[in-house]
Amino acid sequence: MGVLVKGENVSKVYKMGEVDIYALSSVSFEIYDSELLVILGPSGSGKSTLLNIVGGMDTLTSGELYYREKALHKGGRRLLTEYRRDAVGFVFQFYNLMPNLTAIENVDLAREISQSPLNAEQMLDSVGLLARKDHFPAQLSGGEQQRVAIARALAKNPEILLCDEPTGALDSTSSREVLKILRKFSTEFKKTVIIITHEASIANMADRVMYIRDGKIEKIVKNENPIGADEVVL
Ligand SMILES: Nc1ncnc2c1ncn2[C@@H]1O[C@H](COP(=O)(O)OP(=O)(O)OP(=O)(O)O)[C@@H](O)[C@H]1O
């Protein structure tokens, strides 16, 4: 399997007055093409910091970060902006849909930023919401809004989809729907999907699980027999 993103001795330090906070402390990792990677770790362990760095939303204090052969740590703002725009899709816990736009208009926003956007109707269809395309976010359940947010992220046609607690605000049925879609995009559409979660059971459906603690990667475990998303006990 090809390496999509690679970090070498990546550190992120926040200065709080006299104190240095090591949100990430010299971590090295590889993220593969079309894998589903789950990142687990206690609150404050550095999960979001890692996701933000992998997504080009934050810069490293030291270390190296590569997207394929491109050295993102050397490239400056312009390269990071291109990388974020062309290669990365984001899904957040609270959907972040535009309330005054319908579902299809929200998904279609991707066309404004992407070089090679996918068809908005097809994307809504692939998350099972074509029939709701003219509904506004307030007319959709939390799970449906999250599926629209995923369709929007994927309509940009990114290589990697980064999800920060995507099921954090959802009931178990809606969570499984969302997880099924994320699994489908990694398996069928060959996208890399990274999910940060507090829900340890979601790790059972991952291809690999990264455990983070105190700004360090404790271990990365390959899952020989990932379970189906609908078997995840939430
Ligand atoms: N902008 C910032 N300024 C100062 N410290 C920060 C900043 N962002 C994060 N930190 C600190 O870095 C550490 C890692 O934070 P991070 O948000 O990555 O953890 P997390 O594992 O995602 O936590 P949670 O599960 O609660 O979201 C924490 O100690 C946090 O307080």
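So, here's what we can say about the structure. On a predicted model such as this, the values are computed, not experimentally measured, just so you know.

1. Focus on the side chain of Gln 145
Next, step 1: Within the secondary structure, Gln 145 sits in helix α6 (residues 142-155).
Next, step 2: Given a relative accessible area of 16%, Gln 145 falls into the buried group.
Next, step 3: Contacts of Gln 145, omitting those with residues within four sequence positions, involve Tyr 95, Leu 97, Pro 137 and Leu 140.

2. Considerations on the sheet that holds strand β1 (residues 3-16)
Next, step 1: A sheet is described by the order of its strands in space; here 4 strands give the open sequence β2-β1-β4-β5, paired in antiparallel fashion. With partners counted over all chains shown, the strands left at the sheet margins are β2 (19-32) and β5 (70-71), one partner each.
Next, step 2: Lying on the sheet, helix α1 (residues 47-54) is in contact with β1, β2 and β4 (62-67); it crosses β2 at an angle near 55°.

3. Observations concerning unusual backbone geometry
Next, step 1: In this model, Tyr 95 sits at a positive phi of 60°, which is unusual for a non-glycine residue.
Next, step 2: Within the secondary structure layout, Tyr 95 lies in the loop between β6 (88-91) and α3 (103-108).
Next, step 3: The exposure class of Tyr 95 is buried, given its relative accessible area of 12%.
Next, step 4: Located in the positive-phi region is Asn 96, a residue other than glycine, with phi close to 55°.
Next, step 5: Mapped onto the fold, Asn 96 is located in the loop between β6 and α3.

4. Here we look at α1
Next, step 1: Burial analysis of α1 places 6 of its 8 residues in the buried class, the great majority of the element.
Next, step 2: All of the buried residues along α1 are Lys 47, Thr 49, Leu 50, Leu 51, Ile 53 and Val 54.
Next, step 3: Among the residues trailing α1, Gly 56 stands out with phi positive, at a value near 70°.

5. Observations concerning the nonpolar core
Next, step 1: Judged by nonpolar contacts, the single largest core of 40 residues is most densely connected at Leu 124, Ile 150 and Leu 161.
Next, step 2: Of all the secondary structure elements, the ones that give two or more residues to this core are β3 (36-40), α3, α5 (120-126), α6, β7 (160-164), α7 (172-187) and β8 (192-197).
Next, step 3: With 7 residues, α6 is the largest single contributor of residues to this core.
Next, step 4: Judged by nonpolar contacts, the second largest core, of 29 residues, contains Leu 24, Leu 79, Ala 87 and Val 88.

6. Digging into the site of the ligand
Next, step 1: The environment of the ligand is made up of Tyr 14, Met 16, Ala 23, Pro 42, Ser 43, Gly 44, Ser 45, Gly 46, Lys 47, Ser 48, Thr 49 and His 198.
Next, step 2: One of the side-chain N or O atoms of Lys 47 is found 2.8 Å from an oxygen atom in the ligand.
Next, step 3: Contact between the ligand and Ser 48: an oxygen atom at 2.8 Å from a side-chain N or O atom of the residue.
Next, step 4: Considering the ligand on its own, with 640 Å² of exposed area, one finds that the protein chains cover 62% of that surface.
Next, step 5: Among the elements of the structure, β1 and α1 are those that each provide at least two residues to the shell around the ligand.
Next, step 6: If one sorts the elements of the shell around the ligand by residue count, α1 sits on top with 3 residues.
Next, step 7: Residues that form the shell around the ligand fall into these classes: 4 nonpolar, 7 polar and 1 charged.

Cut-off values and rules
- Residues numbered from 1 in each chain as written.
- Predicted model: local features only at pLDDT ≥ 70, side-chain atom pairs only at ≥ 80, totals over all residues.
- Heavy atoms only, no water.
- Helix = DSSP H or I, 4+ residues; strand = E, 2+ residues; numbered from the N terminus.
- Buried < 20%, exposed > 50% of the residue type's maximum accessible area, 1.4 Å probe, protein only.
- Contact = heavy atoms within 4.5 Å.
- Pairing = 2+ DSSP bridges.
- Axes fitted to C-alpha atoms, helices over the stretch in contact; angles between N-to-C directions.
- Core = buried A, V, L, I, M, F, W, Y, C linked by side-chain atoms within 4.5 Å.
- Near = heavy atom within 4 Å.
- Polar contact = N/O pair within 3.5 Å; in protein donor to acceptor, adjacent residues only side chain to side chain.
- Areas by Shrake-Rupley, 256 points an atom, 1.4 Å probe, with all protein chains shown as cover.
- Nonpolar A, V, L, I, M, F, W, Y, C, P; charged D, E, K, R; others polar.

The analysis is restricted to geometry; functional conclusions fall outside its scope.
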